[in-house]
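# Tertiary structure, described
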Amino acid sequence: MLKERYTTLIREEALRLGFEFTGISKAEQLDKEAKMLEQWLNKNYHGKMSYMANHFDKRIDPTKLVPGSKSVITLLYNYHNPEKQTDKTAPKISQYAYGKDYHHVIKYKLKSLLNFIQEEIGEVDGRCFVDSAPVMERTWAERSGTGWIGKNSLLINKQAGSYFFLAELIIDLELEYDSPIKDYCGTCTRCIDACPTDAIIGDKIIDGSKCISYLTIELKEAMPTEFQGKMDNWVFGCDICQEVCPWNRFAKRHNEPAFEPHPDLLSMTKNDWEEITEEVFRKVFKKSAVKRTKYTGLKRNINFLK
Ligand code: B12
Ligand code: SF4
Ligand code: SF4
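Anyway, here's the lowdown on the structure attached to this text. (Residues numbered from 1 in each chain as written. Chains lettered and ligands numbered in written order. Predicted model: local features only at pLDDT ≥ 70, side-chain atom pairs only at ≥ 80, totals over all residues. Heavy atoms only, no water.)

## Observations regarding the overall build of the chain
Worth spelling out the cut-off: Helix numbers and strand numbers start at the N terminus; a helix is a DSSP run of H or I with at least 4 residues, a strand a run of E with at least 2. In this description the radius of gyration comes from C-alpha coordinates, and the expected globular size is given by 2.2 Å times residues to the power 0.38. Three exposure classes are used, based on accessible area relative to the maximum for each residue type with a 1.4 Å probe and protein chains only: buried under 20%, partly exposed in between, and exposed over 50%. Should any heavy atoms of two residues lie within 4.5 Å, those residues are considered in contact. Note on areas: Shrake-Rupley with a 1.4 Å probe; residue coverage comes only from the protein chains shown.
Within the chain one finds 12 helices and 10 strands. Against the globule reference of 19 Å for 306 residues, the chain gives a C-alpha radius of gyration of 20 Å, in line with a compact fold. Burial status across the chain gives 52% buried among its 306 residues. Expressed as a percentage of contacts within the chain between residues at least 6 apart in sequence, the contacts between residues at least 24 apart total 76%. By element, 50% of the accessible surface of the chain is carried by carbon and sulfur atoms, the whole surface being about 15100 Å².

And the structure:
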């Protein structure tokens, strides 16, 4: 069967490119999730992330985002680095942002995969996505059996935990489809108990406007005073609900050279952070996702901790 052969070819090439897990789903409208997204937006859990309310129809239907599409291929890319900052009192940065900006690193690999498909299989049309477009990435990852959505709302893989970026290829080729797996959170509530801002308001639902990741990265204005003393020293993103998750004991270190931290980053002391100049910022975070906050945003976050 051609469908089987194409599916195997794509899985093998994805693995060769460094995507540790691949799951494939039929491209179709998401009805149940559309309702959940609508409720989430109505409750204003997106805060000032107004882009989350845009393109609702495309977000819940990949065939509207990529006309003619038949399949959503979800790809997981490991970013786990267990190395911690040496000064335990220094402001903390989430490990996903240690190295070069993942958007560029992964987009390049997705394009290689699409080129491979076009060369090996023929005239296939499609688009590549990584955290950059109205795609319900976790839903697709869950549907295609690459993991389950944990109470912290992250996609958790049973063999390797949650320190993965999600990426998709949405293409007009029919493939063999995977099925979802079971939820393995059980009675655990560690992430809910550990979240310092009570952003995990219920099973799998996050009030984005309370999450430290939102406050330190997405929010462009002054930090609301209600979060004073609750930031647990984070200045870019937050890893708490992943650090406490028992499934992350299976997480393995990535082997992506582009994700290695700048040689000075992990040894920066509390004082180095507090006195960071624009020149040091540009050197240490060159090509990094941290540039999203700009120098002034990072300074705001550092000052907020004082
Ligand atoms: C907006 C956003 C945020 C916001 C809001 C977070 C949120 N939980 O929605 C903020 C800025 C807070 C944020 C933070 C982080 N984010 Co973010 N974020 C996104 C983004 C752009 C959209 C998410 C979204 O659509 N939210 C809206 C809600 C309604 O959708 P949802 O949570 O995905 O829920 C759907 C499903 O979970 C499902 N569902 C939910 N509940 C239930 C319950 C049941 C019973 C069922 C059946 C289904 C179900 O239906 C929902 C659809 O309505 C995605 C990329 C993308 N395009 O998807 C990245 C993404 C989710 N983020 C990611 C990451 C890494 C993070 C951080 C870990 C970064 C950090 N270290 O600081 C934190 C983690 C915080 C957390 N616990 O979620 C990764 C997650 C990878 C993974 N393993 O899951 C993504 C996928 C980006 C990527 N391409 O890798 N993020
Ligand atoms: S990333 Fe941090 S603030 Fe956001 S939900 Fe997880 S523990 Fe809470
Ligand atoms: S900490 Fe526990 S409840 Fe939270 S996502 Fe992990 S297993 Fe699920």
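## What to know about the site of ligand 3
For clarity, the threshold we go by: If even one non-hydrogen atom of a residue comes within 4 Å of a molecule or strand, that residue is called near it. Amino acids outside the nonpolar list (Ala, Val, Leu, Ile, Met, Phe, Trp, Tyr, Cys, Pro) and the charged list (Asp, Glu, Lys, Arg) are all regarded as polar, and Gly is one of them.
All residues adjacent to ligand 3 are Gly150, Lys151, Asn152, Ile156, Cys185, Cys188, Arg190, Cys191, Cys245, Pro246 and Trp247. Classifying every residue of the shell around ligand 3 by side-chain character gives seven nonpolar, two polar and two charged.

## Focus on helix α5 (residues 102-120)
So the rule is basically this: The span expected for a helix works out to 1.5 Å for each residue beyond the first.
When the terminal C-alpha atoms of α5 are compared, their 27 Å separation across 19 residues agrees well with the 27 Å that a helix rising 1.5 Å per residue should span. Of the surrounding secondary structure, the elements contacted by the buried residues of α5 are α1 (2-16), β2 (71-78), β4 (126-129) and β7 (164-171). Immediately downstream of α5, the backbone of Gly122 shows phi near 130 degrees, a positive value.

## Here we look at the packing of α1 against α5
The criterion, for reference: For helices, the fitted line uses only the C-alpha atoms of the stretch in contact; every axis is such a line through C-alpha atoms, and the angle between N-to-C directions lies from 0 to 180 degrees. For a crossing to be left-handed, the near helix must be turned anticlockwise from the far one by less than a right angle; the clockwise case is right-handed.
Interhelical geometry of α1 versus α5 gives an angle of 145 degrees and a closest axis separation of 10 Å. With respect to the hand of their crossing, α1 and α5 are arranged in right-handed fashion. Residues Leu9, Ile10, Glu13 and Ala14 of α1 lie in contact with α5, whose contacting residues are Leu113, Phe116, Ile117 and Glu120. For the contact of α1 with α5, the class distribution of residues is six nonpolar, no polar and two charged.

## What to know about unusual backbone geometry
Both trends apply: most residues other than glycine have a negative phi, and most peptide bonds are in trans. Notably, Asp198 is not glycine yet its phi reads approximately 55 degrees, a positive angle. Residue position: Asp198 is located in the loop between α7 (190-194) and β8 (200-202). In this structure, Lys294 is a non-glycine residue whose phi angle is positive, near 60 degrees. In this fold, Lys294 is placed in helix α12 (residues 294-305). Judged by its relative accessible area of 56%, Lys294 falls in the exposed class.

## Description of the pattern of salt bridges
As a reminder of what qualifies: We define a salt bridge as a contact between a side-chain nitrogen of Lys or Arg and a carboxyl oxygen of Asp or Glu at a distance within 4 Å.
Tallied over the full model, the rule gives 14 salt bridges. Across the salt bridge formed by Lys3 and Glu174, the nearest N and O atoms sit 3.8 Å from each other. Linking Lys3 in helix α1 with Glu174 in the loop between β7 and α7, this pair joins segments that are 171 residues apart in sequence. Lys3 sits in the partly exposed class, given a relative accessible area of 30%. Of the residues examined, Glu174 reaches a relative accessible area of 43% and is grouped as partly exposed. Across the salt bridge formed by Glu260 and Arg253, the nearest N and O atoms sit 3.0 Å from each other. Taking relative accessible area as the criterion, Glu260 reaches 33% and is therefore assigned partly exposed. Under the relative-accessibility criterion, Arg253 is labelled partly exposed at 36%. Connected through shared salt-bridge partners, Glu83, Arg253 and Glu260 make up one network.

## Considering helix α2 (residues 31-42)
Just so we agree on the cut-off: Here the arc refers to the directions that run from the helix axis out to each C-beta atom.
Taking 1.5 Å per residue as the helical rise, α2 with its 12 residues ought to reach 16 Å, and the 17 Å between its terminal C-alpha atoms agrees with that figure. Of the residues making up α2, those classed as buried are Glu33, Ala34, Leu37 and Leu41. Mapping the buried residues of α2 onto a view down its axis gives an arc of 105 degrees, with all of them on the same face. Those residues of α2 that are exposed and angled more than 90 degrees off the buried face are Lys32, Lys35 and Asn42. Elements that come into contact with the buried residues of α2 comprise α3 (56-59) and α6 (137-143). Looking at the residues trailing α2, positive phi occurs at Asn44, about 65 degrees.

## Some thoughts on the packing of aromatic side chains
Definition in use: Here a Phe, Tyr or Trp ring, Trp counted by its six-membered ring, pairs with any other such ring whose centre lies within 6.5 Å, and the pair is stacked when the planes are under 30 degrees apart, edge-to-face when over 60, and tilted otherwise. Criterion for a charge above a ring: Arg CZ or Lys NZ at most 6 Å from the ring centre, at most 35 degrees from the ring normal.
Overall, the coordinates contain 18 aromatic pairs when judged by the stated rule. With centroids separated by 6.4 Å and ring planes inclined at 75 degrees, the aromatic side chains of Tyr79 and Tyr96 adopt a geometry described as edge-to-face. Of the two residues, Tyr79 is situated in the loop between β2 and β3 (92-93) and Tyr96 in the loop between β3 and α5; the sequence distance between them amounts to 17 residues. One exposure class covers both Tyr79 and Tyr96, and it is buried. Grouping aromatic residues by their ring pairs yields a cluster made of Phe19, Tyr77, Tyr79, Tyr96, Tyr102, Tyr163, Phe165, Phe236 and Phe259. One Lys or Arg, Arg143, reaches over the ring of Trp140 and ends 5.5 Å from the middle of that ring.

## Looking at the site of ligand 1
For the record, the criterion: Nitrogen and oxygen atoms within 3.5 Å of one another constitute a polar contact, given that in protein one can donate a hydrogen and the other can accept it, and given that sequence-neighbouring residues count only through two side-chain atoms.
Inspection of the region around ligand 1 gives 37 residues, with Glu33, Glu137, Asn152, Leu155 and Ser213 positioned closest. Here a nitrogen atom of ligand 1 and a backbone polar atom of Leu166 are 2.9 Å apart. Interatomic distance of 2.9 Å between a backbone N/O atom of Cys238 and a nitrogen atom of ligand 1. Those elements that place two or more of their residues in the shell around ligand 1 are α2, α6, β7, α8 (212-218) and α9 (240-243). The biggest single contributor to the shell around ligand 1 is α2, with five residues. The class makeup of the residues in the shell around ligand 1 is 20 nonpolar, nine polar and eight charged.

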